[in-house]
Amino acid sequence: MTKVSNVVDDAGAQYLLRLGDACLVLSHRLSEWCGHAPMLEEDLALGNIALDLLGQARALLTRAGQLQAQAGGPALDEDQLAYLREERHFLNPVLMELPRGDFAFTQTRNLMVACWLLPLWDRLRASSDAEVAAIAGKAVKEVQYHQQHAADWVVRLGDGTEESTRRMQAALAQLWPYVGELFASDDIDAAAQASGLGPSWAELRDDWDSAMAAVLAEAKLPRPQDTPHVYAGRRGVHSEHMGHMLSTMQMLQRTYPGGVW
Amino acid sequence: MVRPALPPTSDAAHDQGCGRLSAAWEVLGQVLDPEVPAVSLVELGIVRDLRETADGVEVVLTPTYSGCPATEAIEQQVREALARFGTVTVTLQRAPAWTTDWITPEGREKLRAYGIAPPGPVAAGQGVPIRLVRPAAGSGAQAVSCPRCGSAQTQRLSAFGSTACKSLYRCLACREPFEFFKPL
């Protein structure tokens, strides 16, 4: 039997997959809250944010598949990329795949990701790839609402009760070691910057730091210390949680290959 | 018949001959948004263009939200509605990104009558830094008038509502809950 691995090796396609997989994986983690959020309004809010992220992921995976095909690879569509790739071929940073944790963990991660996506989408509006620029033009507007929503919760919980403050501090401590990967440079990143496809992620650090600092100060939460280790999800090296998540996310397509609605 | 807020980009003289395009616009003006069935696709401002092709018509649509699950349903509705004009080609065009500013004045009135407060101008709500205002100190969000009684004494209950494009409010005057179409 032929093994289907759907490897994407074009540098531009990989650059887009890093972002597309980040959106896809976080979308899946947020969708896990459906029916479990602490209140109905938050169930709806997390579901809506997950839906926006999924739409952005679909567009990016589609474009990545096209770039891969232009580079002489197989023509892979969004479904083949989402459902029929193996763990080592997903290129999202590890931050997005961590289990959803408690509500404090989810909102803290949402803020971290939104503060990173906002300057990234903003710069991608000037991408040399017209389709990527068009996707960014829409996404940058959506992510502002995500950022505002997460910031509201981080302030409310950070400067809330003793219990909510304790949980927020624990969430920050758990999540902070994964931040470094969001701003690490490598050859894929450099190639995208050189071709004008998108910015080097390291460029986003100052915007991220100042947005996070403003919210954390208002929430009266101390900023954790940076840690030296840089995770390698962007090169396909994931945490132990990723495989479990994919087994759920890909179950239907793995069980009924080629099945469509 | 309601024309879109922005004129279609195809040659306007093109449809004056046989009136087919005018008729097709009229049909599109009757196709309602599946999630907000108070307004038509034209009033919502998502029909970017309509042009004649060799064997039918081509409709250019701009999706509202990246993840809007109604996109496929809308495409299908457009195909069915325009079937009598021949082969219907539906093209999705992302840029320029759809904005609530493209909702027509008629569309805004229909939203209000339906119980959804229409969006304000986008410039007021977009591109601003994060607002760090406690809920207790006032919402910090823009004033939204109740679509039922018109009172400005309203309160936001949730930033996200039944669909990605709306948030939940309640009116402190008439006590009715309502939805607000967010500026995007």
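A quick note: this is a predicted structure, and the numbers were derived from the prediction, not measured. (Residues numbered from 1 in each chain as written. Chains lettered and ligands numbered in written order. Predicted model: local features only at pLDDT ≥ 70, side-chain atom pairs only at ≥ 80, totals over all residues.)

### What to know about the overall build of chain A
Part 1: In terms of helices and strands, chain A carries 11 helices and zero strands.
Part 2: N-terminal to C-terminal, the α/β element order of chain A is α-α-α-α-α-α-α-α-α-α-α.
Part 3: Over its C-alpha atoms chain A spans a radius of gyration of 18 Å, differing by no more than 12% from the 18 Å that the globule rule assigns to 261 residues.
Part 4: Taking the principal axes of its C-alpha atoms as reference, chain A extends roughly 55 × 40 × 35 Å. (Helix = DSSP H or I, 4+ residues; strand = E, 2+ residues; numbered from the N terminus. Rg over C-alpha atoms; globule rule 2.2 N^0.38 Å.)

### A look at the domain arrangement of chain B
Part 1: Per the domain assignment, the segments of chain B are domain 1 (12-100) and domain 2 (115-181).
Part 2: In terms of residue class, the side of domain 1 of chain B that touches domain 2 of chain B is built from three nonpolar, four polar and one charged. (Domains from an automatic or database assignment. Nonpolar A, V, L, I, M, F, W, Y, C, P; charged D, E, K, R; others polar.)

### So, the interface of chain A and chain B
Buried accessible area, meaning the area lost when the parts come together, often serves as the stated size of an interface.
Part 1: Listed per partner, the contact involves 29 residues of chain A and 21 residues of chain B.
Part 2: Element by element, the count of residues in the side of chain A that touches chain B is highest for helix α6 (residues 130-158) of chain A, at 15 residues. (Contact = placed C-beta atoms within 7 Å.)

### Considerations on helix α1 (residues 11-31) of chain A
Part 1: Along its 21 residues, α1 of chain A runs 30 Å from first to last C-alpha, staying within 8% of the 30 Å computed at 1.5 Å per residue.
Part 2: Most of α1 of chain A is tucked away: 19 of the 21 residues are buried. (Expected span 1.5 Å × (residues − 1). Buried ≥ 20, exposed ≤ 12 C-beta atoms within 10 Å, placed from the backbone.)

### Focus on the sheet that holds strand β1 (residues 47-53) of chain B
Residues and elements named next belong to chain B.
Part 1: If you walk across this open sheet you meet the three strands as β1-β2-β3, and the pairing is mixed. Of all the strands in the sheet, just β1 and β3 (87-92) have a single pairing partner and so form its edges. Within the sheet, the average angular offset between the axes of one strand and its neighbour, ignoring direction, is 20 degrees.
Part 2: Set on the sheet, helix α1 (residues 20-28) makes contact with β1 and β2 (56-61); between it and β1 the angle comes to about 140 degrees. (Pairing = 2+ DSSP bridges. Axes fitted to C-alpha atoms, helices over the stretch in contact; angles between N-to-C directions.)

### Some points on the packing of α1 of chain A against helix α8 (residues 187-195) of chain A
Residues and elements named next belong to chain A.
Part 1: Running from amino to carboxyl end, α1 crosses α8 at an angle of 105 degrees, the nearest separation of the two axes being 9 Å. The angle between α1 and α8 places the two elements in the roughly perpendicular class. Residues Ala11, Gly12, Gln14 and Tyr15 of α1 pack against Ile188, Ala191, Ala192 and Ser195 of α8. (Parallel < 35°, antiparallel > 145°, perpendicular 65-115°, else oblique.)

### Re the environment of Leu246 of chain A
All names here are of chain A.
Part 1: When you line up the elements, Leu246 lands in helix α10 (residues 240-249).
Part 2: For Leu246, a count of 21 C-beta atoms within 10 Å gives the class buried.
Part 3: Separated by 163 residues in sequence, Leu246 and Tyr83 place their C-alpha atoms 8.3 Å apart.

### A closer look at the sheet that holds strand β4 (residues 116-117) of chain B
All names here are of chain B.
Part 1: Across the sheet, four strands lie side by side as β4-β7-β6-β5; this open sheet has mixed pairing. The sheet is open, and its two borders are formed by β4 and β5 (154-158), each paired with just one other strand.
Part 2: Of the pairings in the sheet, the one linking β5 to strand β6 (residues 166-171) comprises four bridges and is antiparallel in character. Across the sheet, Ser158 pairs through a bridge with Leu168, a residue of β6.

### Considerations on unusual backbone geometry
Part 1: A cis geometry characterises the amide bond from Ala95 of chain B onward to Pro96 of chain B, with omega recorded as -5 degrees.
Part 2: Within the secondary structure layout, Pro96 of chain B lies in the loop between β3 and α4 (105-114).
Part 3: Positive phi is not limited to glycine here, since Lys220 of chain A has a value of about 55 degrees.
Part 4: In this structure, Lys220 of chain A sits in the loop between α9 (205-218) and α10.
Part 5: The exposed category is assigned to Lys220 of chain A, around which 12 C-beta atoms lie within 10 Å.

### Topic: the packing of helix α2 (residues 40-70) of chain A against α6 of chain A
For any two helices packed against each other, the geometry comes down to the angle between their axes and how far apart the axes lie.
Residue and element names in this part refer to chain A.
Part 1: Viewed as axis vectors pointing N to C, α2 and α6 meet at an angle of 160 degrees, and their least axial separation amounts to 11 Å. Accordingly, the angle class assigned to the pair α2 and α6 is roughly antiparallel. Between α2 and α6 lies a crossing of left-handed hand. Contacts between α2 and α6 involve Ala45, Ile49, Asp52, Gln56, Ala59, Leu60 and Arg63 on the former and, on the latter, Glu131, Val132, Ile135, Ala139, Glu142, His146 and His149.
Part 2: For the contact of α2 with α6, a count of residues per class yields seven nonpolar, three polar and four charged. (Left-handed = near helix turned anticlockwise from the far one by under 90°.)

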